[in-house]
Amino acid sequence: MSSHTALPVEPLDILIIGAGVSGIGAAAYLRRNQPKKAFAILESRERMGGTWDLFRYPGIRSDSDLYTFGFDFKPWTKAKSLADAADILEYLREAIDEHQLEPFIQYRQKVITANWQTAKGLWAVHVEDGRTKQVRIIECRWLFSAGGYYRYDEGFSPRFEGSEQFKGLIIHPQHWPEQLDYAGKRVVVIGSGATAVTLIPAMADKVASITMLQRTPSYIINQPANDGVAAFLRKILPEQTAYSLTRYKNAKITLAFWGFCQRFPKLSKKLLLWLTRKELPKDYPVDVHFNPPYNPWDQRLCSVPEGDLFKAISAGKADIVTDHIERFTETGVLLKSGKTLDADIIVTATGLNVQLFGGVTLHKDGKPVVFSETLAYKGMMLSGVPNFAFAVGYTNSSWTLKVCLLCDHFCRLLGFMEREGYNVCEPEAPVGIETRPLLDFGAGYVKRSLDSMPRQGPREPWVMSMDYFRDVKLLRRGKVAEKCLKFTAVQNAPVQADLTLQAKGKRR
């Protein structure tokens, strides 16, 4: 890996923040589509992989199929479509090796703040070295935020009355102890989202008892672990063709189902509850534990591969309690109903803390950028902020479907600017445009932070679109030189340094 204190070329064309799915995808796109651009990836942690390396709890897996969660240029070739973290990390490692990205990644480098210097046409980025705690400044033309949407150093844990009296272990899934032995233990998992429904079947065989304690039910849908159509296509077609067709099929099905739920919420609710009833014993109280008070897709649906959660419940290995917590006790949890749950381990699968752009504060000529006063342009740039791009995926389907389109569009934008002789691009929001919250999504972690997020407008290109096929037209096929983009050429911007240096990034 290249030196931690010196970059091979400065100013960089692009500085990417984050070496998770989005950052690796962005770097691979640059290598493929803009090979002459000098870039680096700064990762605050000591390893690549983002979410898939951070979370270490039992059973951690993707709840999106890997045909859509993988990169469009790199086929997913394993049989199972819902992959676990180890498989996803292996896939990301292969992408790094195939595109020779390792020399461009610097680990334990935390971006703290960045200031756009109008006169220079460059970002001055303040970076703290995780080892020495020293701060250095890197200059770059473009800043690309690929840091996801939540805080890596802490999950969301509401204050539970009496938690200090509990004699057992309290664990947040984001900080799962490496050597935790839960064999024969009584476990209570607080929460009903994707983490809880993953943990419970993964732990059920080893524990004495495991209970999912939920305040509000979620919609949970059974998903086959393997994709039969994908397997068939792989036999008769070239690998990339089979993958692209499967990706298209799965994106179409997911979006069609989402559209159906939006249009017919009552009917889709009935359908989901009917499917759940089929998975569970006849007398199981489905209406108590699987009937949310909101419509499908107001929050993300939880997928369970091969119905593993339903199987664990049906076999009596796991149970669900829908109630409110009164307080923690020495031996477990006292509920509002008066019932008690005994526990040796309590897992607080209570969600995430949203953090936009990796917690980096942006300035423009020394003046702070207030995100809530900006508008998201094409879901990838901010009004009034030059040469800043970000990658945020879909909430209603696979994260990477959107990221690939954004990276593709970003490369096209860079190509256009180079051809036309521009080096600065800034979206300008129309005067008096109506705005609304960035995400129309009912998840608690989104609601808690909407006020601090950028806004969106009523129509393209100011919409945070959640429609993949509409985005294909806008981002992959649509023009990059929109009227609301202000392109300029800063005359004294430094000339590009010799790129042969970067190609020799040394591994150590």
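Small disclaimer: the values here were computed from a predicted structure and weren't measured.

With that settled, the discussion passes to the nonpolar core. Grouped together as the largest cluster of nonpolar side chains are 146 residues, with contacts concentrated most on Ile16, Trp123, Trp142, Leu143, Phe144 and Leu362. At 13 residues, helix H11 (residues 399-420) tops the list of elements feeding residues into this core. Among residues more than four places away in sequence, those in contact with Leu362 are Ala114, Trp123, Leu143, Lys367, Pro368, Val369, Phe371, Val385 and Phe388. Among the nonpolar cores identified, the runner-up in size contains twelve residues, and Phe166, Val333, Ala343 and Ile346 belong to it.

Strand order in the open sheet formed by three strands is S13-S14-S15, with antiparallel pairing between adjacent strands. Both edges of this open sheet fall to strand S13 (325-328) and strand S15 (340-342), since each of them pairs with a single strand only. In this sheet, neighbouring strand axes are inclined to one another by 20° on average, regardless of whether the strands run parallel or antiparallel. As paired elements, S13 and strand S14 (residues 332-335) share three bridges and run antiparallel to each other. Across the sheet, the residue bridging to Phe328 is Val333, located in S14.

Summarising the element assignment, Arg234 is placed in helix H6 (residues 228-236). For Arg234, a relative accessible area of 29% puts it in the partly exposed group. Residues Arg234 and Thr246, spaced twelve residues apart in sequence, show a C-alpha to C-alpha distance of 9.4 Å. Setting aside chain neighbours within four positions, we find Arg234 in contact with Tyr67, Trp76, Thr77, Lys78, Ala79 and Ala242. Of note is the side chain of Arg234, whose polar atom sits 3.3 Å from the side chain of Tyr67.

Our next topic: the confidence of the model for the protein chain. On average, residues of the protein chain score 90 in pLDDT, and 93% of them are at 70 or above. Across the protein chain, element-level confidence peaks in strand S22 (residues 424-427) with a mean pLDDT of 98 and bottoms out in helix H14 (residues 500-503) with 38.

On to the pattern of salt bridges, then. Counted according to the given criterion, the structure contains 29 salt bridges. For Asp53, the salt bridge is made with Arg47, and the minimal N-O distance between the two is 3.0 Å. Accessibility expressed as a relative area gives 5% for Asp53, which makes it buried. Given a relative accessible area of 34%, Arg47 falls into the partly exposed group.

This brings us to the packing of aromatic side chains. One pair of aromatic rings is described through two measures. These are the centre distance and the angle between the planes. Within the structure shown, the criterion is met by 28 aromatic pairs. Relative to Phe69, the ring of Trp52 lies with its centre 5.7 Å away and its plane at 80°, an arrangement referred to as edge-to-face. Linking Trp52 in helix H2 (residues 51-54) with Phe69 in helix H3 (residues 66-69), this pair joins segments that are 17 residues apart in sequence. Here the aromatic rings of Phe260 and Phe264 are separated by 5.4 Å at their centres, their planes lie at 50°, and the arrangement is tilted. With a relative accessible area of 27%, Phe260 lands in the partly exposed category. With a relative accessible area of 37%, Phe264 lands in the partly exposed category. Cluster of aromatic residues (ring-pair linked, three or more members): Trp116, Trp123, Phe357, Phe371, Phe388 and Phe390. The ring of Phe469 carries the charged tip of Lys252 above its face, separated from the ring centre by 4.1 Å.

What counts and how
Residues numbered from 1 in each chain as written. Predicted model: local features only at pLDDT ≥ 70, side-chain atom pairs only at ≥ 80, totals over all residues. Heavy atoms only, no water. Core = buried A, V, L, I, M, F, W, Y, C linked by side-chain atoms within 4.5 Å. Buried < 20%, exposed > 50% of the residue type's maximum accessible area, 1.4 Å probe, protein only. Helix = DSSP H or I, 4+ residues; strand = E, 2+ residues; numbered from the N terminus. Contact = heavy atoms within 4.5 Å. Pairing = 2+ DSSP bridges. Axes fitted to C-alpha atoms, helices over the stretch in contact; angles between N-to-C directions. Polar contact = N/O pair within 3.5 Å; in protein donor to acceptor, adjacent residues only side chain to side chain. pLDDT = per-residue confidence, 0-100. Salt bridge = Lys/Arg side-chain N within 4 Å of Asp/Glu carboxyl O. Phe/Tyr/Trp six-rings, centres within 6.5 Å; stacked < 30°, edge-to-face > 60°. Lys NZ or Arg CZ within 6 Å of the ring centre and 35° of its normal.

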